[in-house]
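# Topology and contacts: notes
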2 protein chains.
Amino acid sequence: MSLDKTAQKPHDRLAAVLTVEMEQVNALIRARMASEHAPRIPEVTAHLVEAGGKRIRPMLTLAAARMCGYSGDNHVKLAATVEFIHTATLLHDDVVDESARRRGRPTANLLWDNKSSVLVGDYLLARSFLLMVETGSLRVLEILSNASAVIAEGEVLQMTASRDLRTNEAIYLQVIRGKTAALFAAACEVGGVVAGASQDRIDALRDYGDALGISFQIVDDLLDYGGDALATGKDVGDDFRERKLTLPVIKAVARADEAERAFWSRVIERGDQREGDLEHALALIARHGTMEATRQEALIWAERAKAALAALPEGDIRDMLTDLADFVVARVR
Amino acid sequence: MSLDKTAQKPHDRLAAVLTVEMEQVNALIRARMASEHAPRIPEVTAHLVEAGGKRIRPMLTLAAARMCGYSGDNHVKLAATVEFIHTATLLHDDVVDESARRRGRPTANLLWDNKSSVLVGDYLLARSFLLMVETGSLRVLEILSNASAVIAEGEVLQMTASRDLRTNEAIYLQVIRGKTAALFAAACEVGGVVAGASQDRIDALRDYGDALGISFQIVDDLLDYGGDALATGKDVGDDFRERKLTLPVIKAVARADEAERAFWSRVIERGDQREGDLEHALALIARHGTMEATRQEALIWAERAKAALAALPEGDIRDMLTDLADFVVARVR
C-alpha cells in the first residue's frame, strides 16, 4: 500500500473510484424525491439528503456490483433505493427517538414536525420500491423488502429492550443486526445479484455487509460514551439519557456489584437521572474496562467482514473494502 | 333484485359470496403479521386488524379477480397485501392526526405510543411487499408501490392544505384521491391484473375503485358534520377541531360573506376555537346548503363508479359492486 493510499480514508478512495456512478445516484435521488403535488416532500428530504452523509450504503452497492464485473446501470438505481430506505429510516427514527440532533444538524422533526417525518418517510419508501421495480428483478425486491421488515423488527425490539436491564448481549446483537446491519448486508447483496454473481460470491457480499454493519454500530454505540460531539454529531451520553442499553453498559451491568446494579436500575430502568449520573456511569464503565471489551467485539466483527471478502475477486475495490472494515474500528482509539 | 337481496347490505352479500377466500385472507394476515423477535408487533396490529373493519379493500381485490374469472390463489395474497397497506396507513395516520378514536376504539397510539405506531406500520408495509413478491408479478408491485407513494403524497398535501382557507375543491379532490381513492383503485386493479384480464377491463376496475373511493371519502367527510358517533366511530366535528378543510366547509367558505369569512379564518386558520363555534359552523353549513351540495358530489362519483362497471362481465359480483356504490352514498340521508 503506497503512502498516498494510506493517507486517504477508504470511503474517500471508494468515492473517488465510483465518482461517475455516485453522481448518477445523487442525480437520481434528487429526481425521484420530487413530488409534483406536495412540495413539502423535497423540502424535508433535501435537509437529510444534502446533510453530507457519507453515502456509505449506496457506495457498498456500487462497489459490490463493480467488483463482480457489472457493466449495466441498474446498480445505480439500487444504490439510490438503498439510500432512500436509509433516509426513510432516519426520518421515522427521528419521530421515535426524540433525538435532538443528527449529523450535527437539527433533526427533521424539529425543523418540521412528526407528521412530515412519518409521511415523507413513507413517500421515500414507496419511491424506493418503484425504483426496484424498474430493475425488473424480483430477487432484489425480495432482498430489500425483507431488509425493510428486519429493520423495523430491530427498531421495535430496541424499543422493548431499552430501559430493561435484562437486555443481554444476544438481544443487543439482534437489535443492531436489524437496525443497522440488515441494510448494509442487503446493500452489498443486491450489488452482487444485479451483477449476476455466483451464489458463493453473493453470500460472501452479504456476510461482509452484515459483519461491517455490526462492527459499525458497535463503534457508534461506543463513541456515544467516549467520542467527541464534533466528530460524531452526537453528544456524549445521548444513549444514556434515552436509557438505551448498548454494549458498554450491558457489559458494565453484567459485572456490577449490588450498589452498582442499584445505580443502573435507577438511571436506566426507572429513568431517575440526576446531575453527575452520566459521570458516574462513565466511571463504572472505566472501572470494568467495558469500553475496551466493546472495542474488542467490534474488532472481531471487522475481522469477520474482511474474511468474507476472500471469496470475492481480488483488486482495488476489494482492497478498499478491506481497509473500510479496518477504518470503521479505527474510529476508536 | 329479490327482496332478500335488498334486505342485506351489499358488502355483507359480497362477504358471503367470498367467505372462503376472506377466511384465507384473514389467516394469511394473522400468519404474516407475526414476528419471532418482536412480540409487540402482533400486539399492536391485532388491535387494528381485529377491530372489526369491514375489510372493504381486500374484498374489492377478491371480487375483481373473481369477476374476471380468476381461479388461482394469488388474489388472496394481494388482498392481504392491500389490507396490510391500509392498516399501515391507519397506524401512521394515528401518529399524524392525534385523532382520539378510530372505529370506536382508542387509537393505537393511545394504547401504545407513537414509536410503536410508526415502526409497526413500517413492518407491515415491508411484509406487504414480501407478499407481493411471492405473486411473482412486477406489474402488481408497480401498481401498489405507486399507490403507496400517492397515498403518502395525498397525506402530505392534506397537511399543507389544512388550516388554509385557500384550499379549494380541486385541491380537496387531489387530497382524497391520494389518501383514500388510490388504494381503492389499486385494490380493484390488481384483482384484474392477477386474473390476466384485458387492459380495457383493468382500466374499468381502476376507474371503479377510484370513483368509489372518492365517493366514500366525500361521504365520510360529510358524516363528520352530521353523522352520529355510534355509526361512524367518530365524533361530529372532529375535522372541525383538527382544522381540516373538507367539502362541506370548502363550499361554505366559497359562499361566505365577510363576517362568515372572518369566522372561518379565526376557527380554521388561526385555530382560535371557542364554545359554540362548532354549532355556528353547522349553522353556516346549513344556511348555504353545503351538506346537500356535498352529497350531490358524492352521488356523481357513485354514478361514475357504476358506469365504469359496464365494461366488466355481467353477473352477481358486478351487481353487488353496483349496489355497493349506491350503498356508500346511502349512508347519508
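### Brief notes about the relation of the copies chain B and chain A
- Here chain B sits on chain A after a turn of 180 degrees about the axis and a move of 0.0 Å along it, with an RMSD of 0.0 Å. What the superposition gives is, in effect, a two-fold axis relating one chain to the other.
- Comparing interface residues between copies, 100% of those in chain B also sit at the interface in chain A, which points to an isologous, same-surface contact.

### A word on unusual backbone geometry
- Of note in this structure, R163 of chain A is not a glycine but carries a positive phi near 65 degrees.
- Relative to the helices and strands, R163 of chain A is located in the loop between α9 (138–161) and α10 (169–194).
- Owing to a relative accessible area of 42%, R163 of chain A belongs among the partly exposed residues under this scheme.
- Phi is positive for R243 of chain B, close to 60 degrees, though the residue is something other than glycine.

### Quick notes on the nonpolar core
- In terms of nonpolar packing, the biggest core is built from 216 residues, with Y208, W264 and L321 of chain A together with Y208, W264 and L321 of chain B touching the most fellow members.
- Those residues within four positions of W264 of chain A in sequence are excluded, and the remaining contacts are L165, F240, V249, A252, V253, A256, E269, A281, L284 and I285 of chain A.

### Some thoughts on empty space enclosed by the protein
- Applying the stated rule across the entire model yields 6 cavities of 30 Å³ or more.
- Here the largest cavity defines a volume of roughly 340 Å³.
- Along its surface, the largest cavity is lined by 27 residues, and H92, D122 and L125 of chain A together with D122 and L125 of chain B are the ones closest to its centre.
- Class assignment for the residues of the lining of the largest cavity results in 16 nonpolar, 6 polar and 5 charged.
- In this structure, the second largest cavity spans a volume of roughly 110 Å³.

### Some points on helix α2 (residues 10–17) of chain A
- Along α2 of chain A, the residues that are buried comprise P10, H11, R13 and L14 of chain A. Down the axis of α2 of chain A, the buried set is contained in an arc of 155 degrees. They therefore lie on one face.

### Some remarks on the side chain of R243 of chain B
All names here are of chain B.
- Tracing the chain through its elements places R243 in the loop between α13 (238–241) and α14 (247–254).
- E269 is the oppositely charged side chain nearest to the buried, salt-bridge-free R243, at an N-O distance of 8.7 Å.
- A polar contact of 2.9 Å, which involves the side chain of R243, links it to the backbone oxygen of E269.
- Excluding its chain neighbours within four sequence positions, the residues that come into contact with R243 are S162, R163, V267, I268, E269, R270, G271 and Q273.

### Things to note about the environment of N114 of chain B
- Among the structural elements, N114 of chain B can be located in helix α8 (residues 114–135).
- Sequence separation of N114 of chain B and D94 of chain B is 20 residues, and the distance between their C-alpha atoms is 8.0 Å.

### As for helix α11 (residues 199–223) of chain B
- The end-to-end C-alpha distance of α11 of chain B is 36 Å, a good match for the 36 Å that 25 residues give at a rise of 1.5 Å each.
- Of all 25 residues in α11 of chain B, 18 are buried, a share of seventy percent or more.

### Remarks on the interface of chain B and chain A
- Taken together, the contact between chain B and chain A spans 40 residues of the former and 40 residues of the latter.
- Taken together, the two surfaces of chain B and chain A that pack against each other cover about 3,700 Å², and 78% of this comes from carbon and sulfur.
- Taken together, the links from chain B to chain A amount to 0 salt bridges.
- Connecting chain B to chain A are 2 residue pairs in polar contact (both at pLDDT 80 or more).
- Listed by contribution, the elements that provide at least two residues to the side of chain B that touches chain A are α4 (40–49), α6 (74–97), α8 and α9 (138–161) of chain B.
- A breakdown of the residues in the side of chain B that touches chain A according to their chemical character gives 20 nonpolar, 11 polar and 9 charged.

Basis of the calculations
Residues numbered from 1 in each chain as written. Chains lettered and ligands numbered in written order. Predicted model: local features only at pLDDT ≥ 70, side-chain atom pairs only at ≥ 80, totals over all residues. Heavy atoms only, no water. Least-squares fit on C-alpha atoms with pLDDT ≥ 70 in both. Contact = heavy atoms within 4.5 Å. Helix = DSSP H or I, 4+ residues; strand = E, 2+ residues; numbered from the N terminus. Buried < 20%, exposed > 50% of the residue type's maximum accessible area, 1.4 Å probe, protein only. Core = buried A, V, L, I, M, F, W, Y, C linked by side-chain atoms within 4.5 Å. 1 Å grid on protein atoms, 1.4 Å probe; cavity = no way out; pocket = protein on both sides within 12 Å on 5 of 7 lines; lining within 4 Å. Points joined across faces, edges and corners; volume = space filled by probe spheres on them. Nonpolar A, V, L, I, M, F, W, Y, C, P; charged D, E, K, R; others polar. Arc of directions from axis to C-beta. Lys, Arg positive; Asp, Glu negative; His and termini not counted. Salt bridge = Lys/Arg side-chain N within 4 Å of Asp/Glu carboxyl O. Polar contact = N/O pair within 3.5 Å; in protein donor to acceptor, adjacent residues only side chain to side chain. Expected span 1.5 Å × (residues − 1). Buried area = accessible area lost by both parts, 1.4 Å probe.

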